[in-house]
Amino acid sequence: MSHDGVRLRAVMRSVVFLTAGALAVPTLASCGSDDESGKPLAAQDIAPAGRDLVADGGTLRWAVDDVPETLNTFQSDADDATTRVAQAVLPAMFRLDAQGRPQRDADYLESAKVVDTEPKQVVLYKLDQQAVWSDGREIGAADFAAQWRALSGKDSAYWTARNAGYDRIEKIERGANNLEVKVTFSRPYADWKALFSPLYPKDVMGTPDAFNDGARRKLKVTAGAFSVQKVDRKDKEIVLGRNPHWWGRPAKLSQLVLAAVPLDKRAAALADGSVDLAEIDPADASRITLAGRAKGTSTPLQGASPTGRDENKNESRQKKKLSKKERKALATFLRQQDALRAFTVRRSLEPAYTQLALNGSEGPLADERVRRAVARALDRTELAKVVLKPLGLPAVPVGSHLALSGQAAYADNSGALGGQDTSEAQALLADAGWVPGGPVKDKGEKAAGSEGRKSKKSDDGAESEGGSDGQYIVGEDNKDPQDHTKKHGHGDESSKHLADGKQYDGRKVKQGGAPGAYAPKGTAAPADAKTGLLAKDGKPLALRFVLPSGTGSESLGAVADSISRMLEKVGIRTEITKVSDDSYFKDHIASGQYDLALYSWPASAFPATDARPIFAKPVPAADGSLNVEQNYTRVGTDQVDQLFDQAASTLDEDESAALVRKADARIWAAAGSIPLYQRPQLTAARRTVVNAGSFGFQTPLYEDMGFLKKGATPSASPTKD
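Quantities reported herein were computed from a predicted structural model and do not represent experimental measurements.

Analysis parameters
Residues numbered from 1 in each chain as written. Predicted model: local features only at pLDDT ≥ 70, side-chain atom pairs only at ≥ 80, totals over all residues. Heavy atoms only, no water. Helix = DSSP H or I, 4+ residues; strand = E, 2+ residues; numbered from the N terminus. Areas by Shrake-Rupley, 256 points an atom, 1.4 Å probe, with all protein chains shown as cover. Pairing = 2+ DSSP bridges. Axes fitted to C-alpha atoms, helices over the stretch in contact; angles between N-to-C directions. Parallel < 35°, antiparallel > 145°, perpendicular 65-115°, else oblique. Left-handed = near helix turned anticlockwise from the far one by under 90°. Contact = heavy atoms within 4.5 Å. Patch = residues over 30% accessible without salt bridge, like charges linked within 9 Å, V, L, I, M, F, W, Y side chains within 5 Å. Salt bridge = Lys/Arg side-chain N within 4 Å of Asp/Glu carboxyl O. Lys, Arg positive; Asp, Glu negative; His and termini not counted. Charge placed at Lys NZ, Arg CZ, Asp CG, Glu CD. pLDDT = per-residue confidence, 0-100. Phe/Tyr/Trp six-rings, centres within 6.5 Å; stacked < 30°, edge-to-face > 60°. Buried < 20%, exposed > 50% of the residue type's maximum accessible area, 1.4 Å probe, protein only. Lys NZ or Arg CZ within 6 Å of the ring centre and 35° of its normal. Polar contact = N/O pair within 3.5 Å; in protein donor to acceptor, adjacent residues only side chain to side chain. Core = buried A, V, L, I, M, F, W, Y, C linked by side-chain atoms within 4.5 Å. Nonpolar A, V, L, I, M, F, W, Y, C, P; charged D, E, K, R; others polar. Expected span 1.5 Å × (residues − 1).

A closer look at the overall build of the chain
Looking only at helices and strands, the chain has 20 helices and 24 strands in total. When the accessible surface of the chain is summed, it comes to about 29700 Å², and 48% of that surface belongs to carbon and sulfur atoms.

So, unusual backbone geometry
Residue Pro119 is reached from Glu118 by a cis peptide bond, and omega for that bond is 0 degrees. Counting through the fold element by element, Pro119 comes out in the loop between β4 (109-116) and β5 (122-127). Here the amide bond leading from Ser197 into Pro198 is cis, since omega sits at 5 degrees, within 30 degrees of zero. Non-glycine residue Phe196 carries a positive phi angle of around 60 degrees.

Observations regarding the sheet that holds β4
Sheet strands pair by backbone hydrogen bonding; their relative direction is either parallel or antiparallel. If you trace the four strands from one edge of the open sheet to the other, you get β4-β5-β7-β6, paired in antiparallel fashion. The open sheet is flanked by β4 and β6 (169-174), the only strands paired with a single partner. The sheet shows a mean angle of 15 degrees between the axes of neighbouring strands, taken without regard to direction. Where β6 lies against strand β7 (residues 180-185), five bridges are found, and the strand directions are antiparallel.

Quick notes on the packing of helix α11 (residues 368-377) against helix α13 (residues 422-431)
Packing of α11 against α13 leaves a shortest axis separation of 8 Å and a crossing angle of 165 degrees. The angle between α11 and α13 places the two elements in the roughly antiparallel class. Between α11 and α13 lies a crossing of left-handed hand. Only Thr422, Glu424, Ala425, Leu428, Leu429 and Asp431 of α13 make contact with α11, whose side of the interface consists of Arg369, Val370, Arg372, Ala373, Arg376 and Ala377.

Description of the sheet that holds strand β13 (residues 435-436)
Spatially, the three strands line up as an open sheet ordered β13-β15-β16, and their pairing is antiparallel. The two strands at the open ends of the sheet, each matched to only one other strand, are β13 and β16 (539-540). Bridge count for β13 against strand β15 (residues 534-536) is two bridges, and the pairing is antiparallel. The partner of Pro436 across the bridge, within β15, is Leu534.

What about a positive patch on the surface?
A surface patch of like charges, here positive, comprises Lys324, Arg327, Lys328 and Arg335. By the element assignment, Arg327 lies in helix α10 (residues 324-339).

Re the confidence of the model for the chain
Across the chain, the average pLDDT comes to 83, with 77% of residues at or above 70. Counting interchain partners and residues more than four positions distant, the pLDDT-below-50 stretch residues 1-34 has 144 contacts. The model gives residues 717-721 a pLDDT under 50, and that stretch makes 15 contacts with residues more than four places away or in other chains.

Some details on the packing of aromatic side chains
A complete count under the given rule lists 19 aromatic pairs for this structure. Seen from their ring centres, Tyr125 and Phe196 are 6.0 Å apart, and the 90 degrees between their planes marks the pair as edge-to-face. With Tyr125 in strand β5 and Phe196 in the loop between β7 and α5 (202-205), this pair connects stretches of sequence that are 71 residues apart. Across this residue pair, the class does not change: Tyr125 and Phe196 are buried. With 5.4 Å between their ring centres and 90 degrees between their planes, Tyr166 and Phe196 make a pair best called edge-to-face. Of this pair, Tyr166 sits in the loop between α4 (141-151) and β6 while Phe196 is found in the loop between β7 and α5, placing the two residues 30 residues apart along the sequence. For Tyr166, a relative accessible area of 3% translates into the label buried. Members of the aromatic cluster, joined through ring pairs, are Phe74, Phe94, Tyr125, Phe144, Tyr166, Trp192, Phe196 and Tyr200. Here the basic side chain of Arg84 rests over the ring of Trp62, its NZ or CZ set 4.0 Å away from the ring centre.

So, the environment of Asp155
Note on placement: Asp155 falls in the loop between α4 and β6. Judged by its relative accessible area of 36%, Asp155 is partly exposed. Along the sequence, Asp155 and Pro208 sit 53 residues apart, while their C-alpha atoms lie 8.7 Å from each other. For Asp155, the side chain forms a polar contact with the main-chain nitrogen of Ala157, separated by 3.0 Å.

Observations concerning the pattern of salt bridges
Under the counting rule described, the total for this entry stands at 25 salt bridges. The salt bridge involving Glu69 is made with Arg217; its shortest N-O contact spans 3.6 Å. One end of the pair, Glu69, is in the loop between β1 (59-64) and α3 (80-89); the other, Arg217, is in the loop between α6 (208-214) and β8 (226-232), and 148 residues separate them in sequence. On the basis of relative accessibility, which here comes to 38%, the residue Glu69 falls in the partly exposed class. A residue is classified by how much of its surface remains accessible, and Arg217, at 39% relative accessible area, is partly exposed. In this structure, Asp645 and Arg612 form a salt bridge, with 2.8 Å as the shortest nitrogen-oxygen distance. Placement of Asp645 in helix α19 (residues 638-649) and of Arg612 in helix α18 (residues 612-615) is noted, with a sequence separation of 33 residues between them.

A short note on α13
Among the residues of α13, those classed as buried are Glu424, Ala425, Gln426, Ala427, Leu428 and Leu429. Those residues of α13 that are buried lie in contact with α11 and β15. You can read the cap of α13 off the contacts: a side-chain oxygen lies 3.2 Å from the backbone nitrogen of Ser423, and it is on Asp421.

Observations concerning the nonpolar core
Core analysis: the biggest nonpolar cluster contains 72 residues, and Met93, Tyr125, Phe196 and Phe226 have the highest contact counts within it. Considering each element in turn, this core owes the most residues, seven residues, to α4.

Some points on the pairing of strand β9 (residues 237-242)
Most of β9 sits inside the fold, with five of its six residues counted as buried. Bridge count for β9 against strand β10 (residues 255-260) is five bridges, and the pairing is antiparallel. Counted as the bridge partner of Val239 is Val257 from β10.

Things to note about the packing of α19 against helix α20 (residues 653-670)
Packed helices, taken two at a time, are described by the angle their axes make and the gap between the axes. Contact geometry of α19 with α20 gives a least axis separation of 8 Å together with a crossing angle of 165 degrees. Classed by the angle they form, the pair α19 and α20 counts as roughly antiparallel. With respect to the hand of their crossing, α19 and α20 are arranged in left-handed fashion. Residue-level contacts link Gln639, Val640, Leu643, Phe644, Gln646 and Ala647 of α19 to Ser656, Leu659, Val660, Lys662, Ala663, Arg666 and Ile667 of α20. For the contact of α19 with α20, the class distribution of residues is eight nonpolar, three polar and two charged.

Concerning the pairing of strand β12 (residues 343-358)
Counted residue by residue, β12 has 14 buried out of 16 residues, so it is predominantly covered. Bridge analysis of β12 against strand β22 (residues 673-686) gives twelve bridges, and the strand direction is antiparallel. Along β22, the bridge assignment pairs Thr344 with Ala685. Here β12 runs beside strand β19 (residues 596-602); their pairing, made up of seven bridges, is antiparallel. Looking at β19, one finds that Leu356 is bridged to Leu598.

Side note on helix α15 (residues 554-568)
In this model α15 runs 21 Å from its N-terminal to its C-terminal C-alpha over 15 residues, within 8% of the 21 Å that 1.5 Å per residue would give. Burial of α15 is extensive: 13 of the 15 residues sit out of reach of the surface.

Regarding the side chain of Thr633
Assignment of secondary structure puts Thr633 in the loop between β21 (626-627) and α19. Given a relative accessible area of 0%, Thr633 falls into the buried group.

This is the structure in structure tokens:
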């Protein structure tokens, strides 16, 4: 997991909200339709071009975070680069389309369907007769069976990170011929399309030694448009080349190189030609956009004046005032800006959402009324605008924990909790016993938040943005020590920061949602609720808001500032503490050392399987600790667990999706986590690169990526030949 962009399948391999008691859920959650699912909020942006317009040959260099530790996606240290390699070189029975829905991959499968449900569920795969491994052997039942045995969880000698779905398989056998594979399940499994994607050869899955070590550094046998030619840890790159045994549309590129480039070095790498394609942060996106606009002007950074002479004179005077080191840095920057004109920014929305997590294990947030009050204090539309509006992306709040707009299981279930309502939030807090102006003990005593801690510095030892003590307190003396509103040069709530699903229209939700989502009827907000912060039993209502401090975390800081101001309006003080990236998840989120936190979860095409550990009810372990799986808010119910189990065992796709929506409505009512916005996906691409960029939901078509032929114009959509 990363703090602002967790990749769900990786999280499930390695490891980014519920309530106690029965909850009645509004009728809207019990059924679904394509109208509820909607469509993706933003289209993919990949410069689509027909294959006849793409040049044959060439090497595309694509930035990744690091050379992966393993090429086995089913191991705990697999990462995004592992997934990228697997997508390019291995079979997948199903891949995701532009709406995030699984579709049969015709290069490998002629068909795949459930052929029996009684007495057992049986799925019959009919493989393409040309489908072979790079060593010439047919892909067949032996490969399916080896992968099942490795991932079933029955043999602890296999160091697997997950076995979801594979543990429900009873047997795998050859069908009527070598091209048919028959999979029989011991229990019904709705998400069977998630299995065998990717599919590894039996050489990798056949023995524990081969599984644990054989595919960590190399993949000798593959079956995709590309094969692994070299894993170069010294030069920090993986080289993929055309697979001569590939039977599908041949790859347009001769080579695809995945080059390790840290996020903060990518603008420089693009400028010096080290990479042609790279995901970037908003700051670099602004640089590249500015460079593109500067084309043809008198300087890379300024618009043209009538003569250009005055600007050149001013620039010359400014350079004389700079030190030698500063002049050198400026010259480098200007050279880079000139080179960045060759690139464009392709923008879409990532298949992941950022949430506000509320730790319900202790302190004020253990009271579901306080969690709901926090949620009702937030204007999620405004928070989405903070991140997405400056980037020109749809600023629409996400309406589901379990899917994103366009996916089959999506529906906006936020009505189970209710929209922003300051009076309702104050009434909930009053009902929970938090009153304004109550007696507060000396400052030396602990506040009511997570252990009442105040750290002097962020965990990496650096002074953070709040000044010299690593934190700042919003709501204390009604003053932010650094006055962030002035710092960012904005005076209104809707456009405070240039940072980093169904439309929320701002209307107040009426009573009638889940019991407990509202204060008891007749509970009024205190008459003097606007006069100050809240206290109970002599302790102020103060919540520790933990954030990462590393590169790319600026957008989270901007969102956290806005959240803190919204909470202050209902009497809740926040103590913002910034910690190192290395410490953020391990020492704070996973260990429960926070009250509020921001991090992201990807949306899966198979939420009944993949999302269950995120929202599962924590259970006591044998040693007395709490087993939370990936539910880091530590709030859960048996009911939600049951709904996930039912959804995973229901073979009717519509009925399964309806059960997922019911689970989501109950998760909303619990207010353990509040989905905010779909994450932006910004990709810098050389202008001649086509069929690549910000893919959104869709699995990339690696064989179609390449460089535009000279003189060609991209078509509206890719064609197949």
